[in-house]
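# What the coordinates show
Here is what each chain is made of, one letter per residue.
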Amino acid sequence: MTLPAPRDLGRIVVLSLADARHEWRATLCLVLALAAVLAPLLVLFGLRFGVVQTLTERLAGDPRNLEIVPVGAGRFDKAWFDSARAWPEVAFVIPRTRAIAASMDVMKPGGPAINVEMVPTAPGDPLLKGLLPSTPTCTTAPDEDPAVVCPPRVYPRILPEEPAQAEQPTRPRILVALSESAARKAGGITKGAVIAGIVGRSIDGRQENARVALNVIAIVPEATYARDAVFVPLELLDATESFRDGFAEPLLKAEGGTRPDGERLYAGFRLYGRTIYDIPTLRDRLVAGRTEVSTRAAEVEQLMSLDRNLGLLFWLIAGIGTAGFLLSLGVSLWGAVERKRRDLATLRLLGFRARATVAFPMIQAAAVAVLGVTLAMAVFAIVASVINSHFAGSLGVGETACRLLPSHVGVAGAITLLCALAASALAGLRVARIDPSEGLREL
């Protein structure tokens, strides 16, 4: 069926709205019925989205939930790490040396020596996110996080050695990040401090120590990493492992045997997923490759199960409520057409074509949908405010228990409008079958 002429359509819109306003009691009942169905659905969906989103943000906000920790020592070569970096679920991966070789003593001048764990790091490390300044010329899209997209201007690495100067005989060459607990125990080390790193080994009953200068460029909060640790470039960990194995190591200015030729194998790794939903996939992939790992995938799977169950509950209730309202609206419009058969037939006699009068009940259905959605959104805003106020004590800054995004509101309005138009289709077909002669018989 072709669209009615603009002139006829404009007149039908005016007449149908005037008729709805004239029978305002019936129109009001339909609007209230729609709002009574839609408002609880909006609140239920808002609770589902708000609760799941809040829990997701809490899990994703803690990098430890994105970490996959290998259990025991393995043998991982460069090819394995190149393959892991190519996995779409991986955000960051870096080798780890043997735990027995991954420690050193750190101390500031005049302070106590503290034994710390050496943690390998590189640009993109989730634990250092936001702690290192980004490149000034880096630009990001509105939905991108500069701390993730932009490479850091300063990050833990080994600087090229420069000739010593009289004013500064020892220039810091290794940039590191220090955990807050280690900084506190070592006498209050602060960002920018120059400290000493001491690595020891025992050869033939003789104790040897190698000392390096460390420049602290960041302090890692205790909430992010609770243990005593220093985040260092992988090259320093490689050098420390070689040094403790008794080999000569130029970086530590240590003499010893020659390291055998061949590719270096690593005992472990640090691996982080892109999102919390990637953790179960990564866990299964690694286990399939015979690498036992420890993750927090159980919490993620519980969240995913909660999301699925709430989604199923929502769609069941939405389906029942929508079906009931569509039936009610369709029957109401059909009854209205039956009551107004004479008036609609008279419109045909006055020159309105059938396709124009078909729009009569559809326009009224659209008006009911718009008013019903508006009223339902007002009710949702009030109820959501009450819910969020009630749970304010359990929520953090920026968190809500019940909320909707503008896109949710737009989709809800569009679906409601389409459903209302679909419900009016039968009434529209009934209008199309009205014979203009019925208007003559009533004159």
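The written sequence of each chain sets the order in which its residues are numbered from 1. With pLDDT at 70 or above as the cut-off, local features in this predicted model cover only qualifying residues; side-chain atom pairs require 80 or more to be listed or tallied, and sums for whole chains, interfaces and linings still use all residues. To get the side-chain values, take all heavy atoms of the structure and skip hydrogens and water.

### As for the confidence of the model for the protein chain
Any region with low pLDDT has predicted coordinates that should not be read closely. pLDDT expresses, on a scale from 0 to 100, how confident the predictor is about each individual residue. Mean pLDDT for the protein chain: 80, with 81% of residues reaching 70 or above. pLDDT under 50 marks residues 166–171. Its contacts with residues more than four places away, or in other chains, come to three contacts. Residue contacts are defined here by distance: any two heavy atoms, one from each residue, within 4.5 Å place the two residues in contact.

### As for the side chain of threonine 27
For the purposes of this entry, the term helix denotes a DSSP run of H or I that reaches at least four residues, the term strand denotes a run of E that reaches at least two, and both are numbered from the N terminus. Along the chain, threonine 27 falls in helix H2 (residues 24–61). Apart from residues no more than four positions distant in its own chain, threonine 27 is found in contact with Ala20 and Val368.

### A few points about the sheet that holds strand E10 (residues 293–294)
Any two strands with at least two DSSP bridges between them are considered paired. Here we have four strands laid out as an open sheet, ordered E2-E9-E1-E10, and antiparallel in their pairing. Of all the strands in the sheet, the pair left with one neighbour each is strand E2 (90–96) and E10. Strand direction decides the pairing type here: E2 and strand E9 (residues 268–273), joined by six bridges, are antiparallel. Residue pairing in the sheet places valine 93 in a bridge with leucine 271 of E9.

### A closer look at the packing of aromatic side chains
Aromatic rings from Phe, Tyr and Trp, with only the six-membered ring used for Trp, were paired whenever their centres fell within 6.5 Å, and each pair was classed as stacked if the ring planes differed by under 30 degrees, edge-to-face if by over 60, and tilted otherwise. Counting across every chain of the model gives eleven aromatic pairs. An angle of 65 degrees between the planes, with centres 6.4 Å apart, marks the rings of phenylalanine 76 and phenylalanine 81 as edge-to-face. Both residues of the pair, phenylalanine 76 and phenylalanine 81, count as buried. Centre to centre, the rings of tryptophan 80 and tryptophan 87 are 6.1 Å apart; their planes meet at 75 degrees, and the pair counts as edge-to-face. Note on classification: 1.4 Å probe, protein chains only; a residue is buried when its accessible area is under 20% of the maximum for its type, exposed when over 50%, partly exposed between these limits.

### A word on the nonpolar core
Within the largest apolar cluster, 68 residues are counted, with the highest numbers of intra-cluster contacts made by Met104 and Phe231. Among the elements that line this core, the one with the most residues is strand E7 (residues 206–220), at seven residues. Look past the residues within four positions of methionine 104 in its chain and what remains in contact with it is Ile114, Asn115, Val116, Met118, Gly197, Ile198, Val199, Val212, Leu214, Val230 and Leu236. Side-chain atoms within 4.5 Å are what join buried Ala, Val, Leu, Ile, Met, Phe, Trp, Tyr and Cys residues into a set we call a nonpolar core. Counting residues in each nonpolar core, the second largest holds 16 residues, with Leu38, Met377, Ala384 and Ala401 among its members.

### Observations concerning a nonpolar patch on the surface
Patches draw on residues past 30% relative accessible area with no salt bridge. Two like charges within 9 Å are joined, as are two nonpolar side chains (Val, Leu, Ile, Met, Phe, Trp, Tyr) within 5 Å. In this description, accessible areas are obtained by the Shrake-Rupley approach with a 1.4 Å probe, and a residue is regarded as covered only by the protein chains that are shown. Think of a salt bridge as a Lys or Arg side-chain nitrogen and an Asp or Glu carboxyl oxygen that are within 4 Å of each other. A grouping of Trp24, Leu28, Leu32, Leu375 and Val379 is seen on the molecular surface, where their side chains present a nonpolar patch of about 420 Å² in accessible area. Mapped onto the elements, leucine 375 comes out in helix H10 (residues 354–390).

### Describing the environment of valine 37
Tracing the sequence through the fold places valine 37 in helix H2. Sequence-distant contacts of valine 37, that is, excluding residues within four places in its chain, are made with Gly321, Thr322 and Phe325.

### Focus on the pairing of E7
In regular strands, side chains alternate between the two faces of the sheet. Sheet topology note: the strand E5 (residues 174–179)/E7 ladder contains six bridges and is parallel. By the bridge assignment, valine 176 is partnered in E7 with valine 216. Here strand E6 (residues 194–203) pairs with E7 via ten bridges, running antiparallel. When the bridges of E7 are listed, alanine 196 appears paired with alanine 213. Joining the antiparallel neighbours E6 and E7 is a turn of two residues, in which aspartate 204 adopts a positive phi near 55 degrees.

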